Amino acid sequence: MTTSYEILLHGIFRADVRKTLKRYTTLRKRLVAELVKLQQGPRGKHAPMRDVDDPELQGLFRRTQVGSHRLIYLLDEQNRRIIPVYLSSKPRSEDTYVGWQGAASAITFDYRSRHVDEFEIWQGDL
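Calculation notes
Residues numbered from 1 in each chain as written. Predicted model: local features only at pLDDT ≥ 70, side-chain atom pairs only at ≥ 80, totals over all residues. Heavy atoms only, no water. Helix = DSSP H or I, 4+ residues; strand = E, 2+ residues; numbered from the N terminus. Rg over C-alpha atoms; globule rule 2.2 N^0.38 Å. Buried < 20%, exposed > 50% of the residue type's maximum accessible area, 1.4 Å probe, protein only. Contact = heavy atoms within 4.5 Å. Areas by Shrake-Rupley, 256 points an atom, 1.4 Å probe, with all protein chains shown as cover. Expected span 1.5 Å × (residues − 1). Arc of directions from axis to C-beta. Salt bridge = Lys/Arg side-chain N within 4 Å of Asp/Glu carboxyl O. Lys, Arg positive; Asp, Glu negative; His and termini not counted.

Concerning the overall build of the protein
Moving on, step 1. A count of helices and strands for the protein gives 3 helices and 6 strands.
Moving on, step 2. For the protein, the α and β elements follow one another from N to C terminus as β-α-α-β-β-β-β-α-β.
Moving on, step 3. In terms of overall dimensions, the protein is globule-like: its C-alpha atoms have a radius of gyration of 13 Å, near the 14 Å expected for 126 residues.
Moving on, step 4. Principal axes of the C-alpha set define a box for the protein whose edges measure 35 × 35 × 30 Å.
Moving on, step 5. Counting all 126 residues of the protein, 40% fall into the buried class.
Moving on, step 6. In the protein, of all internal contacts separated by at least 6 residues, the share reaching a separation of at least 24 is 62%.
Moving on, step 7. Accessible surface computed for the protein: about 7400 Å², of which carbon and sulfur atoms make up 47%.

See below:
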């Protein structure tokens, strides 16, 4: 099976995910499965995030469901890359999206600035 998108993981995302997976151990399998699907390309049901301040990034952040959690990622179609920026630390609630823009901003800055040492190519596990 060939993959059509490269998944890049930033250190901020990995650290946040590690904390969440310690608390919700069964989430790991679902997150890995979702990342495998994302390697094949984003699907139509992934809704764009609203309230993105930077006009150049509007429509590029997408969200999807991973169990009862939400995963937000940056879609770079031109380079065929997906950069996860946020996984909700709690199951869906009023706090689902709290803090996503801070993480997304830092990760997007590093990506745009080509700080390649901040990213690693996802190899199929977390």
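Here we look at helix α3 (residues 100–112)
Moving on, step 1. For α3, which comprises 13 residues, the first-to-last C-alpha distance of 18 Å matches the rise-based estimate of 18 Å (1.5 Å per residue) to within 8%.
Moving on, step 2. Within α3, the full set of buried residues consists of Trp-100, Ala-103, Ala-104, Ile-107, Thr-108, Asp-110 and Tyr-111. For α3, the buried positions fall inside an angular range of 160° around the axis, keeping them on one side.
Moving on, step 3. In the segment just after α3, Arg-114 is the residue with positive phi, at about 60°.

Structural notes on the pattern of salt bridges
Moving on, step 1. Applying the stated rule across the entire model yields 4 salt bridges.
Moving on, step 2. When the shortest N-O distance is used, the salt bridge between Glu-6 and Arg-81 registers 3.0 Å. In this pair, Glu-6 sits in strand β1 (residues 6–10) while Arg-81 sits in strand β5 (residues 81–87), placing the two residues 75 residues apart along the sequence.
Moving on, step 3. A residue is classified by how much of its surface remains accessible, and Glu-6, at 26% relative accessible area, is partly exposed.
Moving on, step 4. On the accessibility criterion, Arg-81 (27% relative accessible area) is partly exposed.
Moving on, step 5. In this structure, Asp-54 engages Arg-112 in a salt bridge whose closest nitrogen and oxygen atoms are separated by 2.9 Å. Residue Asp-54 is found in the loop between β2 (47–48) and β3 (61–66), and its partner Arg-112 is found in helix α3; the two are separated by 58 residues along the sequence.

Digging into the side chain of Arg-70
Moving on, step 1. Mapped onto the elements of the fold, Arg-70 is located in strand β4 (residues 69–76).
Moving on, step 2. Buried and without a salt bridge, Arg-70 has Glu-34 as its closest oppositely charged side chain, separated by 10 Å.

With respect to unusual backbone geometry
Both trends apply: most residues other than glycine have a negative phi, and most peptide bonds are in trans.
Moving on, step 1. The backbone of Arg-80 shows a phi angle near 55°, a positive value even though the residue is not glycine.
Moving on, step 2. Structurally, Arg-80 is set in the loop between β4 and β5.
Moving on, step 3. Given a relative accessible area of 39%, Arg-80 falls into the partly exposed group.

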